[in-house]
Amino acid sequence: MSGYCAAAEEKTGPRQRPQGKVNEYKENQNITYVPVRPVQTTVLERTAKVYLVPFSLSNYKPDQFKSPKSLLNKNSNGEVLWKKTKLKKTCRRILTPKMEVTSSKAESTLQKSFLNVPTESNKQQQESTSNTVIFNVDVESSQDGDSDEDTTPGLDDFSGLSPYERKRLKNISENAEFFASLQLSESAARLREMIKKTHPPESKRKKPKKRENGTGCRRSMRLLKVDPSGVSLPASPTQPTLVADENPLLPPGPLEMIPENRDNSEPFKGFLQTWAEVNKTSSKNTEKELSSIKSYKANLSGMVISEDTVCKVTKGSIISMALHPSEIRTLVAAGAKTGQVGLWDLTHQRKEDGVYVFHPHSQPVSCLYFSPANPAHILSLSYDGTLRCGDFSRSVFEEVYRDERSSFSSFDFLAGDASTLIVGHWDGRMSLVDRRTPGTSYEKLINSSLRKIRTVHVHPVHRQYFVTAGLRDIHIYDARHLNPRGRQPLISLTEHTKSIASAYFSPLTGNRIVTTCADCKLRIFDSSCIASQIPLLTTIRHNTLTGRWLTRFQAVWDPKQEDCVIVGSMAHPRRVEIFHETGKLVHSFLGGECLASVCSINAVHPTRYTLAGGNSSGKIHVFMN
């Protein structure tokens, strides 16, 4: 039944309902909630205003829907709470359209309103009929006065509702009774009171008091510095710092040549006489000719190793080696990580008798050379910032150059008579040292374009050029154009991708440069023409990953065959390999049980077929004819 507006109803009066028809109510679930406005209707000389108040649980107040004791009492506003009563058939119920099309939201809020009805009102509802609906009605005097029939508001009349509507209202009332029995309002009130109560402050844990007279924990008598009888031990003397103990700086000036492994001086005097004989025979110049690769391989095949040619010379790892150019004696020098310089003369029948160990430095000896002008001189360079010359004719280690503020890495002779030298520093600087100055050596400090310098090597023919190996670059400089402010290199080789260990010119002509890099490659460059660019000739794949405990590999040229390089190997069984500049393997030195370790540093005799390799335990392995 569709409703009409209140204005039309007042003018035309109430409309009669046709008999035999039932007022059917259909819910429209798609219509949104619209608040119901009061509508004034005239029924039997009286006007009733019906309000449907929407309710929400979020705005719930405990005392909002308390029912009075008597449902028939009037409140202060003149509103009357009606019970369900039987209505006359002549009573008419007039609803506005908005009341008929109340959305599901309004019905749900009406259903929720029953959840908060107190228990007292629920009991009253149980006494009455099961379907009870409460409305607030404002009764006003009728202005029309043309109806003589007494009527009651028809909103509680169930006779005019469909079975679906009656069932729905019954379910609403049953749900309201069930939720009221749960006493949710009382529980919510108790929870609010519990929340409002302030929590007591957390009590801090009290630390237990220490017992003064009680027995304490057991402690070590050694840490308490008392003996078992309870008597305190005397205070131990203070020890110096570890830096001063491990690396004591040796005093400046010449040091006396005293072997550490000899108590008797008589054998050492015989060793000095050997050096005098070497000095006499080494003055003869021998022609150096490049043999064919076939004869070179045949000579290499005749080189063998035995137990007599393997000996431990130094205590620490060997990081530098040199072979004396003598034709009549085989003298090997090794520089150790501990600062020792060991000499081994292989001409003695007992190999232990030919070993002499000296200690001219306090830190690792990174570079060793026999003097090209005087075979009785051996020059050694160390990390401790000193460069010394061991003179066996006078049995003394002279100081050539000293710089305690820096650390040296490598050196080479700029002049053939060993009068001038170029010294490389670990911090990237270089020093020009002139030994001809009386008293102390004249030195000139130069800043290079490298952050670090590992090796320095001079061109064998054009001695004004020298090559330096940095972290990842190879630079070639001209010694005639160096200045203290720094000088850009003539040529830079930037083909390397990782750390570089060494770079050396070929020993006879200087037409080749071999480099050893941590990217497991040996590179050979064509340096026959010192120009702006030096081409890369060959790249040789070779395992150079020695780790932190082994000395790094350094590939060196063979002075007898300058197109071949010699380098240690990580392969098993242990060996020393020789490669041609084209990249082909020429020969591998295998020693069986005599060569059971990695020879990282190798030195080759300039004229004889003799090879010496040093490992990280201080042993020297010699292959010879």
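Scroll up a little and you will see the structure.
All values reported here derive from a predicted model rather than from experimental measurement.

With omega at -10 degrees, the peptide bond leading from H572 into P573 counts as cis. You can see P573 is positioned in the loop between strand 28 (561-568) and strand 29 (575-580). Here the phi dihedral of S395 falls at roughly 55 degrees; this positive angle occurs in a residue that is not glycine. By the element assignment, S395 lies in the loop between strand 13 (386-391) and strand 14 (396-402).

This part is about the nonpolar core. Within the largest apolar cluster, 30 residues are counted, with the highest numbers of intra-cluster contacts made by L300, I578, F589 and L611. Sorting the residues of this core by element identifies helix 9 (293-301), strand 25 (521-526), strand 27 (556-558), strand 28, strand 29 and strand 30 (585-590) as the ones contributing at least two each. Sorting elements by how many residues they give to this core places strand 28 first, with 4 residues. Leave out the neighbours within four places in its chain, and L611 touches M303, I566, V576, F589, N602, A603, V604, H621, V622 and F623. L255, F268, F271 and V365 belong to the second largest nonpolar core, which has 18 residues in total.

So, on to the side chain of S448. Structurally, the position occupied by S448 is in the loop between strand 18 (442-447) and strand 19 (455-458). Judged by its relative accessible area of 17%, S448 is buried. In terms of polar contacts, S448 uses its side chain to reach the backbone amide nitrogen of L450, at 3.3 Å. Excluding anything up to four places from it in sequence, S448 contacts G428, R429, M430, I453 and Y477.

Over its 19 residues, helix 5 (residues 163-181) runs 27 Å from end to end, which matches the ideal 27 Å to within 8%, given 1.5 Å per residue. Within helix 5, burial applies to E165, R168, L169, I172, S173, A176 and A180. Along helix 5, the residues classed as buried sweep out an arc of 135 degrees about the axis, all on the same side. For helix 5, the exposed residues lying more than 90 degrees away from the buried face are P163 and K167. The first or second residue beyond helix 5 is Q183, which carries a positive phi of 55 degrees.

Within this structure, the stated rule accounts for 11 aromatic pairs. Here the aromatic rings of F411 and F413 are separated by 5.7 Å at their centres, their planes lie at 85 degrees, and the arrangement is edge-to-face. Residue class for F411 comes out buried when judged on its relative accessible area of 0%. The class for F413 is buried, based on a relative accessible area of 4%.

Procedures and definitions
- Residues numbered from 1 in each chain as written.
- Predicted model: local features only at pLDDT ≥ 70, side-chain atom pairs only at ≥ 80, totals over all residues.
- Heavy atoms only, no water.
- Helix = DSSP H or I, 4+ residues; strand = E, 2+ residues; numbered from the N terminus.
- Core = buried A, V, L, I, M, F, W, Y, C linked by side-chain atoms within 4.5 Å.
- Buried < 20%, exposed > 50% of the residue type's maximum accessible area, 1.4 Å probe, protein only.
- Contact = heavy atoms within 4.5 Å.
- Polar contact = N/O pair within 3.5 Å; in protein donor to acceptor, adjacent residues only side chain to side chain.
- Expected span 1.5 Å × (residues − 1).
- Arc of directions from axis to C-beta.
- Phe/Tyr/Trp six-rings, centres within 6.5 Å; stacked < 30°, edge-to-face > 60°.

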